[in-house]
Amino acid sequence: MVSLLVLNGPNLNMLGQRQPEVYGRTTLSEIDALCVEHAVLHGAKCNCYQSNHEGALIDRIHAARGTYDGIILNAGAYTHTSIAIMDAVASAAVPTIELHLSNIHARETFRHTSYLAKVAVGQICGFGPHGYVLAIDAMLAHLAENETS
Ligand code: DQA
């Protein structure tokens, strides 16, 4: 059974209350439930984890090696700053999709830079919570494609 890790970074625990005009009203627990439900619907397994700490996220990415088939990663602001998380993704060698609720390219210039884009399979942004569903579908398709090639 395909096993996925949904990893959320800093401030995403505040979803529902945090800048609802940007991020909407859906809470992180609702997003986690959506992910688990959607994965199960497709015969996959999904665990969700959030941390506000860069090192804790890196530890989870390292631990994903050999444990998970794919990572859906919303690294929050670390996306734009963290070479360390980029290196962790590269060293874990687990296919990773970069995800953002908001369209980072339509926002401030500093959000247009993503260190993760360099090591991710691809990026999904701008679709709010539905982006997680899209990312799971994209990851399952990516994994299925790689299995047969
Ligand atoms: C975010 C976008 C980031 O720029 C921001 O720092 C976040 C959330 C998003 O999901 O839209 O914390 O990753």
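Whatever comes next refers back to the structure up there.
Keep in mind it's a predicted model, so treat the numbers as computed, not measured. Here the residue numbers are simple positions, counted from 1 along each chain's written sequence. Per-residue local features are limited, in this predicted model, to residues with pLDDT of at least 70; the limit for side-chain atom pairs, both in listing and counting, is 80 or more; totals at the level of whole chains, interfaces and linings are taken over all residues. Values shown for side chains rest on all heavy atoms present in the structure; no hydrogens or waters enter the calculation.

### Quick word on the packing of helix H3 (residues 54-64) against helix H4 (residues 83-92)
Alright, step 1. As a rule, the C-alpha atoms of each element are fitted with a line to give its axis, helices using only the stretch in contact, and angles between N-to-C directions run from 0 to 180 degrees. Counting from the N terminus, the helices are DSSP H or I runs at least four residues long and the strands are E runs at least two residues long. It is at 9 Å that the axes of H3 and H4 come closest, and there the two elements cross at 10°. The pairing of H3 with H4 is recorded here as roughly parallel in orientation. Facing H3, whose interface residues are Glu54, Leu57, Ile58, Ile61 and His62, H4 presents Ala84, Ile85, Ala88, Val89, Ser91 and Ala92.
Alright, step 2. Three categories are distinguished: nonpolar for Ala, Val, Leu, Ile, Met, Phe, Trp, Tyr, Cys and Pro, charged for Asp, Glu, Lys and Arg, and polar for the others, with Gly belonging to the last. Grouping the amino acids of the contact of H3 with H4 by side-chain chemistry returns eight nonpolar, two polar and one charged. Note on terminology: angles under 35 degrees are roughly parallel, angles over 145 are roughly antiparallel, angles of 65 to 115 are roughly perpendicular, and the others are oblique. The contact criterion used throughout is that any non-hydrogen atoms of two residues lie within 4.5 Å.

### Focus on the sheet that holds strand E4 (residues 96-100)
Alright, step 1. A pair of strands counts as paired when DSSP detects no fewer than two bridges linking them. Across the sheet, five strands lie side by side as E2-E1-E3-E4-E5; this open sheet has parallel pairing. Of all strands in the sheet, those with a lone pairing partner are strand E2 (45-50) and strand E5 (122-125), marking the two edges. On average, adjacent strands in this sheet sit at an angle of 20° to one another, irrespective of strand direction.
Alright, step 2. Strand direction decides the pairing type here: strand E3 (residues 70-74) and E4, joined by three bridges, are parallel. For isoleucine 71, the partnering residue across the bridge sits in E4 and is threonine 96.
Alright, step 3. On the sheet, helix H2 (residues 28-41) packs against strand E1 (3-8) and E2 and is oriented at approximately 160° with respect to E2.

### Overview of the packing of aromatic side chains
Alright, step 1. Put simply, two rings from Phe, Tyr or Trp (the six-membered ring, in Trp's case) pair if the centres are within 6.5 Å, and we call them stacked under 30 degrees between planes, edge-to-face over 60, tilted for the rest. Counted according to the given criterion, the structure contains zero aromatic pairs.
Alright, step 2. Charge-over-ring contacts are defined here by two conditions on Lys NZ or Arg CZ: a distance within 6 Å of the ring centre and an angle within 35 degrees of the ring normal. The ring of tyrosine 49 carries arginine 60 above its face, with NZ or CZ at 3.6 Å from the centroid.

### Brief notes about unusual backbone geometry
Alright, step 1. Backbone geometry places glutamine 19, a non-glycine residue, at a positive phi of 30°.
Alright, step 2. Along the chain, the position of glutamine 19 falls in the loop between E1 and helix H1 (20-23).
Alright, step 3. Take glutamine 19: its relative accessible area is 36%, and that puts it in the partly exposed class.
Alright, step 4. The backbone phi angle of alanine 93 is positive, close to 55°, even though this residue is not glycine.
Alright, step 5. Locating alanine 93 in the fold gives a position in the loop between H4 and E4. Summary of the burial criterion: residues with accessible area below 20% of their type's maximum are buried, those above 50% are exposed, and those between are partly exposed, where the area comes from a 1.4 Å probe applied to protein chains only.

### Thoughts on the site of the ligand
Alright, step 1. Proximity criterion: a residue is near a molecule or strand once any of its heavy atoms comes within 4 Å of it. Around the ligand, the neighbouring residues are Arg18, Tyr23, Asn74, Gly76, Ala77, His80, His100, Leu101, Ser102, Ile104, Arg107 and Arg111.
Alright, step 2. Counting of polar contacts relies on pairs of N or O atoms within 3.5 Å, with two restrictions inside protein: one atom must be capable of donating a hydrogen and the other of accepting it, and residues adjacent in sequence are counted only when both atoms are side-chain atoms. Here an oxygen atom of the ligand sits 2.6 Å away from a polar atom, N or O, in the side chain of serine 102.
Alright, step 3. Only the protein chains shown count as cover for residues, with accessible areas throughout obtained via the Shrake-Rupley method and a probe of 1.4 Å. Contact with the protein chains hides 99% of the accessible area of the ligand, taken as 320 Å² for the molecule alone.
Alright, step 4. In this analysis the probe radius is 1.4 Å and the grid spacing 1 Å, with only protein atoms considered; a cavity is a set of points the probe fits into but cannot get out of, a pocket is an open set with protein on both sides within 12 Å along at least five of seven lines, and lining residues have an atom within 4 Å of a point. What decides whether a molecule sits in a cavity or pocket is whether more than half of its atoms lie within 2 Å of the grid points. Assessed atom by atom at 2 Å from the grid points, the ligand resides in the largest pocket.
Alright, step 5. Split into classes, the residues belonging to the shell around the ligand amount to four nonpolar, five polar and three charged.

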